[in-house]
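Chain by chain, the residues run as shown.
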Amino acid sequence: MVEQVVPAVGPGDTPPADTAARERAALAAVARTTLDGNWEHDHTVPSRTLYPHQWSWDSAFIAIGWAHLRPERAWAELTSLFDAQWRDGRVPHIVFNPVVADDAYFPGPAFWATTSVAGTPRTVTSGLVQPPVHALAAWHAYRRAPSEPARAALGRLYPRLVAQQHYLSNHRDVGGAGLASIVHPWESGLDNSPAWDEPLAAVPAEAAVLRAYRRRDIVHAAAAHRPTDLDYARYVAIVTAYRAAGYRDEQLADRHPFLVECPLFNAAMGAAESALAHIAQEIGADPGPHRQRAAAITTALVDRLYDPTTGTFHARDLRTGRLTPARTVLGLTPLILPDLPTAQVEAILVEAGSPRFGLAARMTRPLPSHDRTAVDFEPLRYWRGPSWMNINWLVRYGLLTHGHPRLAAGLGASMIELAATAGCHEYFHPDTGAGLGSPAFSWTAALLLDLLAEM
């Protein structure tokens, strides 16, 4: 567990070349130690404290880091996750390790009760999904370390990635416009983002319901940094409703209490199709259908979730039909779509460079997860202000995709400074850069390695 790992270099400083090289080497060593320490025979746990199982989008980001160290682990990471894929194509957001005690994480395996559901794997999983960043990660991992074994692994993974996309486009298009709906805030990855406040407030629940459970997150982190008990009660109520229906997606519009089209989730789905086109071409499959679907998702995302009044992307609550008002980092993530129209790219850059987010070629503060000028900005609370390495990586990737290397360099320098100052924490204070959440966090380490390798 490492806190202060190397002397921090400010965003305006330029250290001597030999000093910079030593600092990068020290950071890479911390990242390697973190990943090695979190490795579990065929996958990597996000952290040894709060997250003792396998998480879906964590494994995608982690695979990118392993490609720089031990490529065979990158493919084992993704393969072990997709070994838990359901028959309908969904990739569960948690794959539970059977040797870990049921009460080590809440909600644990018994709460999800997925083994009694038809079409589920032998291992216990959750019934939710997370943003489909896996095809993008697989393509990145392959490009980082191309080889014949890697190409073979990519070929074996390809039909599973296609099945994942098929599930989202065929089972989750509740709005009928070509976008996938999330059925729980946890599916967004940004669990308690202000983007979900309005749709979540309509879910009936009382904080007292949590008396029947024991939250493990506030054992390892300060309660002031985590979702409130009322939020958790609503999370439990939504899962309970989905579980009661056998995790089926038919007629969600008629019965499910939370249905939202998320900008990041759908941008990831579109970027996945673009990545699948590259993968298909590499393994001798037809890339054409993937390119067509990528273009269709991009068009639907702009039509459904872009607000010309605010100049950014918002989540759409399908219960009310309205865009949610919060201006969060979700609105920047459609940059990962290679075919995003120029008008929307330019609008995102204006939003990102505003005082709300502060993206610049020389950044003075980390990129926050929520509008730092908003009255409900909380610099310490999970996804309501803090800076996260995986979101920063996606935004940086989008900047490079659309030809903005100076802004990407500024964001990259900010990311490195976070790790240099605080180590591989789960997330970071958006003003001071102090480490928050779990220490020795895997995706922070993995994406730091990827960033350092690019340098």
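Below you will find a few notes about this structure.

Basis of the calculations
Residues numbered from 1 in each chain as written. Predicted model: local features only at pLDDT ≥ 70, side-chain atom pairs only at ≥ 80, totals over all residues. Heavy atoms only, no water. Helix = DSSP H or I, 4+ residues; strand = E, 2+ residues; numbered from the N terminus. Rg over C-alpha atoms; globule rule 2.2 N^0.38 Å. Buried < 20%, exposed > 50% of the residue type's maximum accessible area, 1.4 Å probe, protein only. Areas by Shrake-Rupley, 256 points an atom, 1.4 Å probe, with all protein chains shown as cover. Lys, Arg positive; Asp, Glu negative; His and termini not counted. Charge placed at Lys NZ, Arg CZ, Asp CG, Glu CD. Phe/Tyr/Trp six-rings, centres within 6.5 Å; stacked < 30°, edge-to-face > 60°. Lys NZ or Arg CZ within 6 Å of the ring centre and 35° of its normal. Salt bridge = Lys/Arg side-chain N within 4 Å of Asp/Glu carboxyl O. Contact = heavy atoms within 4.5 Å. Expected span 1.5 Å × (residues − 1). Core = buried A, V, L, I, M, F, W, Y, C linked by side-chain atoms within 4.5 Å. Pairing = 2+ DSSP bridges.

## Observations regarding the overall build of the chain
Consideration 1: For the chain, the helix and strand inventory stands at 16 helices and 11 strands.
Consideration 2: On C-alpha atoms alone, the chain measures out to a radius of gyration of 20 Å, which is about the 23 Å that the 2.2 N^0.38 rule sets for 455 residues.
Consideration 3: Sorting the 455 residues of the chain into buried and exposed places 59% on the buried side.
Consideration 4: Entry remark: accessible area of the chain is about 16,500 Å², with carbon and sulfur atoms responsible for 53%.
Consideration 5: When the 39 positive and 45 negative side-chain charges of the chain are each reduced to one mean point, those points stand 2 Å apart.

## Brief notes about the packing of aromatic side chains
Consideration 1: Scanning the model with the defined rule gives 29 aromatic pairs in all.
Consideration 2: Measuring from centroid to centroid gives 3.7 Å for tryptophan 383 and tryptophan 388, while their planes differ by 5°, and the two rings are stacked.
Consideration 3: In this arrangement the basic side chain of arginine 243 is found over the ring face of phenylalanine 111, its NZ or CZ atom lying 4.9 Å from the centre.

## Some details on the pattern of salt bridges
Consideration 1: For the coordinates displayed, the defined rule picks out 24 salt bridges.
Consideration 2: Among the ionic pairs, arginine 144 bridges to glutamate 454, the shortest N-O distance being 3.2 Å. Note that arginine 144 is positioned in helix H5 (residues 134–144) and glutamate 454 in helix H16 (residues 442–454), a separation of 310 residues in sequence.
Consideration 3: Relative accessible area serves as the criterion here: at 24%, arginine 144 is assigned to the partly exposed category.

## Some words on the environment of isoleucine 182
Consideration 1: Tracing the backbone through its elements, the reader meets isoleucine 182 in the loop between helix H6 (148–171) and helix H7 (197–201).
Consideration 2: When its relative accessible area of 0% is taken as the criterion, isoleucine 182 is described as buried.
Consideration 3: Through-space distance from the C-alpha of isoleucine 182 to that of leucine 168 is 9.5 Å; in sequence the pair is 14 residues apart.
Consideration 4: If sequence neighbours within four positions are ignored, isoleucine 182 has contacts with Arg172, Glu187, Ser188, Trp196, Phe258, Leu259, Val260, Cys262 and Phe265.

## Focus on the environment of proline 263
Consideration 1: Following the sequence through the fold, proline 263 ends up in helix H11 (residues 263–283).
Consideration 2: Given the relative accessible area of 0%, proline 263 is considered buried.
Consideration 3: On a C-alpha basis, the gap between proline 263 and proline 386 in space is 19 Å, while along the polypeptide they are 123 residues apart.
Consideration 4: Leaving out residues up to four positions away in the same chain, proline 263 has contacts with Leu301, Leu305, Phe313, His314, Ala315, Leu330, Thr333 and Pro334.

## With respect to helix H15 (residues 405–422)
Consideration 1: If you check H15, its first and last C-alpha atoms are 26 Å apart, about what 18 residues at 1.5 Å a residue would give, namely 26 Å.
Consideration 2: Among the residues making up H15, those that are buried are Ala408, Gly410, Leu411, Gly412, Ser414, Met415, Ile416, Leu418, Ala419, Ala420 and Ala422.
Consideration 3: Buried-residue contacts for H15 involve helix H1 (17–38), helix H14 (389–401), strand E10 (427–428), strand E11 (435–436) and H16.

## Observations concerning the nonpolar core
Consideration 1: In this structure, Trp75, Trp196 and Ile391 are the most contacted members of the largest nonpolar core, which totals 135 residues.
Consideration 2: Examining the composition of this core, we find that 11 residues originate from one element, H11, more than from any other.
Consideration 3: Leave out the neighbours within four places in its chain, and tryptophan 196 touches Ile182, Pro185, Ser188, Leu190, Asp191, Phe258, Val260, Cys262, Ala315 and Leu330.

## Quick notes on the sheet that holds strand E5 (residues 260–261)
Either a parallel or an antiparallel arrangement is found when strands of a sheet pair, and the pairing is made through backbone hydrogen bonds.
Consideration 1: Spatially, E5-E8-E9 is the arrangement adopted by the 3 strands of the open sheet, whose pairing is antiparallel. This sheet does not close on itself; its edge strands, each paired only once, are E5 and strand E9 (322–323).
Consideration 2: Bridging between E5 and strand E8 (residues 316–317) involves 2 bridges; their strand directions are antiparallel. Residue pairing in the sheet places valine 260 in a bridge with aspartate 317 of E8.

All we've got here are geometric facts, nothing functional implied.
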